[in-house]
Amino acid sequence: MRLTALAPVTLATLLTLSQGAYAQSQTAQPAPTPPSDAPAAQDPNAEGDIIVTAQKKSENLRDVPIAISAIKGQDLTARGFTTSMDLPDLVPGVRSTTPGGGAYVTTIIRGVGQQDIAAHQEAPVATYVDGAYVGLSTALTQPVFDVDRVEVLKGPQGTLFGRNATGGLVQYITRAPSQEFEAYVTTEYGSYDKFMTEGAVGGSLGGDWSGRIAYHAEKGGAYIRNPIGPDHNGTDVQAVRAQLQYKPSSDFRALLSVYADRFPDQQGPVASTTRAFIGANGKPVGVTPGNFAAYQNFCRTTVGTVPTTYSPLGDCAASLKSPYNAPTANYLKFNGKYLNATATIDWTIGSGIKLTSISNYQYSDQLYNTLLASGFPTAIFNQSNPGGRQYSEEIRLSGKVSNVDWVAGLYGLWINNHTGANVNLNDIPFYGINLNAALHLRTTSYAGFAEATYHFSPKFSVIVGGRVTSDQKRGVNQSSCTTNPTIPVNICAVIAGASPVPLVQFVGFDKSISTTSWSGRIVAQYKLDENVNVYAGVNRGTKAGGFNTGANELYPVSVAEFKPETLVNYEAGVKSRMLNGVLDFNGSIFYYDYKNLQTFSTQNLALYVFNVDAWVRGAEFDMVIRPMRGLNFSASASYLDSKAKNVPVGAGFADFVLPNAPKFSSNVSARYEFDLGPGKASIFGSYARVGRRSTSAVDYAIENVPAYNKVDFRLGYELDRVSFAFNIRNLTNALIYNSGVPSETITGSVFNSVLAPRTFSGSISLRL
């Protein structure tokens with residue numbers, strides 16, 4: 001029996017049994033048990049305050065001298081947040097893309113993010129779940145559920161969080177167990193037969209023990225319709241999280257959290273393509289009525305098929321009238337499984353010194369298949385099987401001596417990655433070859449860090465911190481090229497012989513990287529009063545180097561390795577609450593000086609990472625207005641100006657904007673909650689605007705993702721134990737392109753990932 005079928009029965013049983021256990025415990029213990037004091041989002045002083053752990057300690061968000069956005073769990077629910085793809089609608093300057101057709105999710109903050117879709121690469125925007133680093137990119141597709149809050153830290157965070165956080169990080173803090181009984185279950189049904197169920201149950205297990213189990217399942221929602229094959233861009237995922245906590249006193253807490261998910265069969269968006277080819281000037285261009293004949297000839301000589309109907313959408317094999325309705329035998333799908341286990345110990349060992357240990361193990365395995373069949377002489381089949389294991393350990397001490405707050409610790413990370421790919425072009429006239437690639441990558445990283453906050457006065461403080469990291473990586477690449485035996489000419493040999501230098505596809509490589517890097521920050525902050533905090537500082541972060549690999553490795557061995565990158569951020573900002581709590585305003589200005597930025601482009605039909613220098617400058621703000629009880633307005637905006645310098649293009653070099661760095665992005669929202677009958681009703685609406693953005697290091701117009709406007713709407717009604725909601729997402733039915741991958745020389749198109757059109761859904765939640 002499938003896990004999905006068992007879920008409602010299991011959850012209902014747990015709810016019933018736990019409610020009975022709760023009733024018995026209430027009989028035996030007349031005095032109510034206080035809730036857990038684990039770090040959690042809360043309102044300690046006034047509506048809107050959030051407690052965060054961005055500096056490895058619990059602090060009011062306004063007191064943290066970092067550009068940070070934090071969203072409470074209840075606010076995430078109110079906005080229908082279920083995946084990291086929803087972050088751009090909540091946080092200014094953040095982008096989330098799916099360049100791998102849903103198999104991989106990348107997060108970009110202030111124009112800094114992962115550009116390579118290869119599964120073995122670690123991103124420069126780090127992801128943490130309950131304090132543990134998620135270095136396996138194949139694990140970033142996990143659903144977001146039963147969370148206490150999400151924290152988005154902008155700019156380098158290398159001092160306390162380590163290398164590979166040059167752009168910032170996203171930290172998910174899940175709801176921890178407590179001694180109080182809590183249970184809920186939510187069911188949602190929506191457009192395109194999308195069904196979701198989620199629930200959790202937790203409470204005392206007797207004595208000093210408590211536990212919590214949460215579950216999430218989602219299926220359907222394939223919004224790219226295909227009358228001759230499977231629909232695309234649907235979801236099929238099941239996930240469960242179990243937590244066990246032992247807390248004998250306020251000085252000691254041990255928490256074990258185990259999370260597992262699986263994607264049995266998820267369809268990606270193969271139909272969303274824009275026709276493009278290499279024009280007479282050697283640059284990719286879109287198809288127009290005026291150059292359609294040239295495009296036909298390009299397709300004839302490249303893939304052996306000739307489109308007969310003009311359309312700007314599609315590829316050499318087929319034309320499309322709409323990205324949402326595409327008859328095709330093509331498909332892109334993946335399945336996978338993921339395990340994450342974390343053991344956390346918090347222990348106040350005396351004299352105000354706190355010991356924290358975070359031990360984490362992760363396992364990921366995916367199978368990713370692409371079939372391009374419609375219109376080609378024979379199918380082009382691409383298969384990859386990325387996966388790996390990761391173990392990390394962090395031990396740190398923190399405390400206070402006189403007017404100095406301090407934290408220091410050690411960190412170790414071990415990752416064993418593997419990825420393999422096969423592209424069968426045997427029967428394509430221009431190619432006639434079969435390409436295979438396999439990379440085994442071992443990463444070992446050790447670090448020591450320390451940071452101190454010196455309070456010169458109650459209003460003025462200076463933070464100084466540093467981290468030293470030692471990285472060792474070994475990559476073993478085993479690649480091959482075979483020619484269709486029916487072809488009289490050995491095309492692989494011809495390609496290899498035509499290159500003046502060895503190409504990875506034919507010789508592979510066995511390379512090692514050993515580097516020592518440092519990160520650090522110095523920040524001064526001044527509190528004008530208890531509600532206004534200004535800060536300014538310099539922050540340095542690094543990202544480790546690595547290796548290129550992929551289905552096509554027709555590039556020199558000399559570029560198989562790319563260097564570590566370094567980002568220095570000069571930033572100043574303000575955080576404030578004014579007008580007796582009516583207005584919250586946070587703003588910052590910044591300048592990034594980037595050395596050896598790891599960016600991404602295409603060479604000889606291959607996608608690879610290389611280094612260039614760059615800069616980014618920008619400003620952003622977010623604000624919340626509470627003019628009356630129950631009514632909130634929020635607004636945020638981000639401005640970015642960026643340049644990657646001396647990017648190789650053709651036989652020369654040029655400067656371009658950074659990929660996924662729109663010049664302007666903004667969002668506004670309003671929520672009104674009011675009494676209605678026996679319960680409370682709520683109305684929520686939001687508007688997001690994101691500007692045009694580039695998709696690769698070389699900024700060709702046809703590869704750009706256009707600007708978009710997105711409007712969401714939600715109605716809610718809440719009783720004592722039951723709540724109802726009705727959602728409309730993308731109210732105006734806007735066509736929203738999320739990302740683009742250039743494949744002009746392979747399929748005659750730019751592969752676009754498109755977000756869902758207008759969708760409707762309704763949900764019901766039960767709380768016990």
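Note that the structure is predicted; figures quoted are calculated from it, not measured.

Caption draft 1: Quick look at the overall build of the protein. Counting its secondary structure elements, the protein contains seven helices and 43 strands. Considering only contacts within the protein whose residues lie at least 6 apart along the sequence, 66% involve residues at least 24 apart. As displayed, the protein offers around 30400 Å² of accessible surface, 60% of which is attributable to carbon and sulfur atoms.

Caption draft 2: Region of interest: the packing of aromatic side chains. A complete count under the given rule lists 23 aromatic pairs for this structure. Where Trp209 meets Tyr246, the ring centres are 4.8 Å apart and the plane angle is 40°; that geometry is what we call tilted. With Trp209 in strand β13 (residues 209-220) and Tyr246 in strand β14 (residues 235-249), the pair connects residues that are 37 residues apart, well separated along the chain. A residue is classified by how much of its surface remains accessible, and Trp209, at 39% relative accessible area, is partly exposed. Here Phe590 and Tyr592 contribute two aromatic rings whose centre-to-centre distance is 5.2 Å and whose plane-to-plane angle is 40°, an arrangement assigned as tilted. Taken as a pair, Phe590 and Tyr592 share a single burial class, namely buried. When the ring centre of Phe145 is taken as origin, the NZ or CZ atom of Arg241, which lies over that ring, is 4.6 Å away. Taking NZ or CZ as reference, Arg540 lies 4.1 Å from the ring centre of Trp518, over its face.

Caption draft 3: Up close: the nonpolar core. Core analysis: the biggest nonpolar cluster contains 49 residues, and Leu87 and Val152 have the highest contact counts within it. Residue assignment for this core shows that the elements contributing at least two residues are β3 (68-72), β7 (125-129), β9 (147-154), α3 (158-161), β10 (168-174), β24 (404-425) and β25 (433-455). When neighbours within four sequence positions are excluded, Leu87 is seen to be in contact with Phe81, Val94, Ser96, Val150, Val152, Val170 and Tyr172. Judged by nonpolar contacts, the second largest core, of 29 residues, contains Tyr594, Phe610, Val647 and Val698.

Caption draft 4: Geometry of the sheet that holds β3. Ordered in space as β3-β9-β10-β7-β8, the five strands form an open sheet in which the pairing is mixed. Every interior strand has two partners, whereas the edge strands, β3 and β8 (132-133), have only one. With two bridges joining them, β7 and β8 adopt antiparallel strand pairing. Bridged to Tyr128 within β8 is Tyr133.

Caption draft 5: Main features of the environment of Gly691. Within the fold, Gly691 resides in the loop between β38 (679-690) and β39 (708-718). Residues Gly691 and Phe664, 27 residues apart in the sequence, show an inter-C-alpha distance of 5.5 Å.

Caption draft 6: Main features of the pairing of strand β11 (residues 182-190). As judged from the nine bridges shared by β11 and strand β12 (residues 194-206), these two strands associate in the antiparallel manner. Bridged to Tyr189 within β12 is Phe195. Count of turn residues in the β11/β12 antiparallel hairpin: three residues, of which Tyr192 carries a positive phi of about 60°. Across seven bridges, the pairing between β11 and strand β43 (residues 759-767) is antiparallel. Each residue of the ladder has a partner; that of Val185, found in β43, is Leu766.

Caption draft 7: Region of the structure containing the pattern of salt bridges. Tallied over the full model, the rule gives 31 salt bridges. A salt bridge links Arg253 to Asp346, with the shortest nitrogen-to-oxygen separation between them at 3.2 Å. Of this pair, Arg253 sits in strand β15 (residues 252-267) while Asp346 is found in strand β20 (residues 331-350), placing the two residues 93 residues apart along the sequence. Assigned by exposure class, Arg253 and Asp346 land together as buried. Between Asp584 and Arg626 there is a salt bridge, with its nearest N and O atoms 2.8 Å apart. Placement of Asp584 in strand β33 (residues 583-603) and of Arg626 in strand β34 (residues 606-628) is noted, with a sequence separation of 42 residues between them. On the accessibility criterion, Asp584 (11% relative accessible area) is buried. Connected through salt bridges with shared partners, the residues Arg110, Lys154, Glu571 and Glu620 form a single ionic network.

Caption draft 8: Local environment of the state of the cysteines. Across all of its chains, the model carries two disulfides by this definition. Covalently, Cys299 is tied to Cys316 through a disulfide, its sulfur atoms 2.0 Å apart. Classification of the bridge connecting Cys299 and Cys316 rests on its S-S torsion, roughly -75°, and on that basis the disulfide is left-handed. Within this pair, whereas Cys299 is found in helix α4 (residues 292-302), its partner Cys316 is found in the loop between β18 (313-314) and β19 (319-320), the two being separated by 17 residues in sequence.

Caption draft 9: Just a nonpolar patch on the surface, in detail. On the surface, a cluster of nonpolar side chains totalling about 860 Å² of accessible area is made up of Leu205, Trp209, Leu244, Leu256, Val258, Leu339, Tyr361, Tyr391, Trp414 and Tyr446. Of note, Leu244 is situated in strand β14. For Leu244, a relative accessible area of 35% corresponds to the partly exposed category.

Caption draft 10: Structural view of unusual backbone geometry. Positive phi is not limited to glycine here, since Asp130 has a value of about 50°. Mapping Asp130 onto the fold places it in the loop between β7 and β8. Residue Asp130 is classed as partly exposed on the basis of its relative accessible area, which comes to 22%. Phi at Asn733 is positive, roughly 60°, even though this residue is not glycine. Note that Asn733 resides in the loop between β40 (722-729) and β41 (737-743).

Caption draft 11: Region of the structure containing the side chain of Asn704. Residue placement: Asn704 occurs in the loop between β38 and β39. Polar contacts involving the side chain of Asn704 include one to the side chain of Asp699, which spans 2.7 Å. Here the side chain of Asn704 touches Tyr700 through a polar contact of 3.2 Å, landing on its backbone oxygen. If we skip the residues at most four places from it in the chain, Asn704 touches Arg692, Arg693, Ser694 and Asp699.

Quick notes on the rules
- Residues numbered from 1 in each chain as written.
- Predicted model: local features only at pLDDT ≥ 70, side-chain atom pairs only at ≥ 80, totals over all residues.
- Heavy atoms only, no water.
- Helix = DSSP H or I, 4+ residues; strand = E, 2+ residues; numbered from the N terminus.
- Contact = heavy atoms within 4.5 Å.
- Areas by Shrake-Rupley, 256 points an atom, 1.4 Å probe, with all protein chains shown as cover.
- Phe/Tyr/Trp six-rings, centres within 6.5 Å; stacked < 30°, edge-to-face > 60°.
- Buried < 20%, exposed > 50% of the residue type's maximum accessible area, 1.4 Å probe, protein only.
- Lys NZ or Arg CZ within 6 Å of the ring centre and 35° of its normal.
- Core = buried A, V, L, I, M, F, W, Y, C linked by side-chain atoms within 4.5 Å.
- Pairing = 2+ DSSP bridges.
- Salt bridge = Lys/Arg side-chain N within 4 Å of Asp/Glu carboxyl O.
- Disulfide = S-S within 2.5 Å.
- Patch = residues over 30% accessible without salt bridge, like charges linked within 9 Å, V, L, I, M, F, W, Y side chains within 5 Å.
- Polar contact = N/O pair within 3.5 Å; in protein donor to acceptor, adjacent residues only side chain to side chain.

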